[in-house]
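What follows is the residue order along each chain.
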Amino acid sequence: MLVLGIETSCDETGVALYDTERGLVADALYSQVAMHAEYGGVVPELASRDHTRRLLPLIQQVLDEAGASRTGLDAIAYTAGPGLVGALMVGASTAHGLARALNIPVLGVHHMEGHLLAPMLETSPPPFPFVALLVSGGHTQLVEVQGLGDYHLLGESVDDAAGEAFDKAAKMLGLSYPGGPQVAKLAEQGDPGRFRFPRPMTDRPGLDFSFSGLKTHTLTTLKRLEQEGALDDQARADVARAFEEAVVDTLVIKCRRALDATGLKRLVVAGGVSANVRLRERLERETDKRSARAYYPRGRFCTDNGAMIAYVGAQRLSAGERDEIGIMKAVPRWPMDTLRAPTGS
Ligand code: KG4
Ligand code: ZN
């Protein structure tokens, strides 16, 4: 079954072709980052308009790359949520329109389920069951995954997501959007011993996260340095380093607890923040220590992409799941633990 995957939930237009026999056949991405950077964050209306501009040419591009034509498609999957409603509508309406014209099934899938299963596109995918740490711009969650659609939420952020905290810290440090990679780059020059930031919610049991206090701590540290006339480039790098260490350490502590609580030996790390090198190094050390193993998507599938949507869609569509004809879905808020295993599998 050849499935076209469409991702338009935020500021990246992602398109891919996944074949249930051959695996990933082609993928393409257009990032709107440069356009939004001017405003310091994603402007929803501009995002929707740009998806409209980019989506059809990108679909044509992946079809050409794969030497396929529209009529060779067996089904279409699109991101139905969570995300920006206008941006989601572009993907949903395009998917439904194409599916109607081609008379093939179409299915709206969950963006975070896409991130969760993105490591399945790698050459050595994680077998079920596993613990997943989902760390993106909008979500920070620990999930026990027993199988496709069998998800148990172990913990999540009670306020900001980890990626959001990186983006806000970047703004305070005068770095551009999206902040995660920039903070990480600046932190490389930082002295890890100069500041120690708090590790929120690690002093009590439980698997929930909170990152908003860390944001305030970063701001007050920068303000104090400024008042002292000591906010030079080195100080900024030292703050970036202390911030990154605190986020990474907090995530690692909670992953350790989740592995202990479930007794599982496999940890999947996905979502934009999973591209963070320091996080990967620390998790690698942690899993080695306990004869466990960490799995990640390749770099370009850590952040938003069409391949993960095509993959999840292919799993569910081949089990017979599909949207009702003409009923497109765009669900800005959609808790992942409401997902179920595909009916018929
Ligand atoms: O998964 P994603 O592409 O979009 C959402 O679904 O939110 O994640 C984007 C987030 C942004 O907040 C970005 O700053 C963060 O991932 N990010 C990183 C890194 N690369 C991307 N955060 C820390 N270190 C990185 N290397
Ligand atoms: Zn995402």
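For the structure, see preceding data.
In what follows, the accompanying structure is described. Residue indices follow the written sequence of each chain, beginning from 1 at its first position. Naming scheme: in the order in which they are written, chains are lettered from A and ligands are numbered from 1. Per-residue local features are limited, in this predicted model, to residues with pLDDT of at least 70; the limit for side-chain atom pairs, both in listing and counting, is 80 or more; totals at the level of whole chains, interfaces and linings are taken over all residues. Processing note: side-chain calculations cover all non-hydrogen atoms of the structure and skip hydrogens and water entirely.

Regarding the sheet that holds strand 7 (residues 140-147)
No. 1: By the convention used here, strands pair only if DSSP detects at least 2 bridges between them. Helix and strand definitions here come from DSSP, where helices need a minimum of 4 consecutive H or I residues and strands a minimum of 2 consecutive E residues; each element is numbered from the N-terminal end. The five strands are arranged 8-7-6-9-10 in an open sheet whose pairing can be described as mixed. The two strands at the open ends of the sheet, each matched to only one other strand, are strand 8 (150-156) and strand 10 (293-295). Strand-to-strand twist of the sheet, defined as the mean angle between neighbouring strand axes without regard to direction, takes the value 25 degrees.
No. 2: In this sheet, strand 9 (residues 266-270) lies alongside strand 6 (residues 130-135) in parallel orientation, the contact comprising four bridges. Residue pairing for strand 9: alanine 132 is matched across the bridge by valine 268.
No. 3: In what follows, residue pairs with any heavy atoms lying within 4.5 Å of each other are defined as contacts. Under this scheme, a helix contributes an axis fitted over its contacting stretch, all axes are lines through C-alpha atoms, and angles between N-to-C directions fall in the 0 to 180 degree range. Running over the sheet, helix 8 (residues 233-262) touches strand 6, strand 7, strand 8 and strand 9 and is turned about 155 degrees from strand 6.

Here's the deal with the coordination of the zinc ion (ligand 2)
No. 1: On the protein side, the zinc ion (ligand 2) has His111 (NE2), His115 (NE2) and Asp304 (OD) as donor atoms, found 2.0 to 2.1 Å from it.
No. 2: Each of the four donor atoms bound to the zinc ion (ligand 2) contributes to angles spanning 93 to 143 degrees, and the resulting shape is irregular.
No. 3: All donors of the zinc ion (ligand 2) belong to a single chain; written as a sequence motif, their spacing is H-x3-H-x188-D. Placement of the pair is histidine 111 in helix 4 (residues 111-117) and aspartate 304 in the loop between strand 10 and helix 10 (307-318), with a sequence separation of 193 residues.
No. 4: Each residue's exposure class comes from its accessible area (1.4 Å probe, protein chains only) as a fraction of the maximum for that residue type: buried when under 20%, exposed when over 50%, partly exposed otherwise. Residue class for histidine 111 comes out buried when judged on its relative accessible area of 6%.
No. 5: A relative accessible area of 13% places aspartate 304 in the buried class. Coordinating donors are taken to be N, O and S atoms lying within 2.8 Å of the metal, or within 3.2 Å when the metal is Na, K or Ca; because water is excluded from the atom set, some sites may appear incomplete. Under this scheme a four-donor centre is tetrahedral when all angles range from 85 to 135 degrees, a four-donor centre is square planar and a six-donor centre octahedral when opposite donors are above 155 degrees with the rest from 65 to 115, and any other centre is irregular.

Focus on the sheet that holds strand 5 (residues 106-110)
By way of backbone hydrogen bonds, the strands of a sheet pair with one another, either parallel or antiparallel.
No. 1: In spatial order, the strands read 3-2-1-4-5; together these five strands make up an open sheet with mixed pairing. If you trace the sheet from one side to the other, it starts and ends with strand 3 (23-31) and strand 5, each paired once. Across the sheet, the mean angle from the axis of one strand to that of its neighbour is 20 degrees, orientation sign disregarded.
No. 2: Relative to strand 2 (residues 12-19), strand 1 (residues 2-7) runs antiparallel, the two being bridged by six bridges.

Some words on the side chain of aspartate 50
No. 1: For aspartate 50, the location among the structural elements is in helix 2 (residues 44-66).
No. 2: The buried category is assigned to aspartate 50, whose relative accessible area is 2%.
No. 3: We define a polar contact as two N or O atoms separated by no more than 3.5 Å, with the added condition that, inside protein, one atom must be a possible hydrogen donor and the other a possible acceptor, whereas residues neighbouring each other in sequence contribute only through side-chain atom pairs. At a separation of 2.8 Å, a polar atom in the side chain of aspartate 50 contacts the side chain of arginine 53.
No. 4: With residues up to four places along the chain from it excluded, the contact list for aspartate 50 reads Tyr30, Gln32 and Met35.

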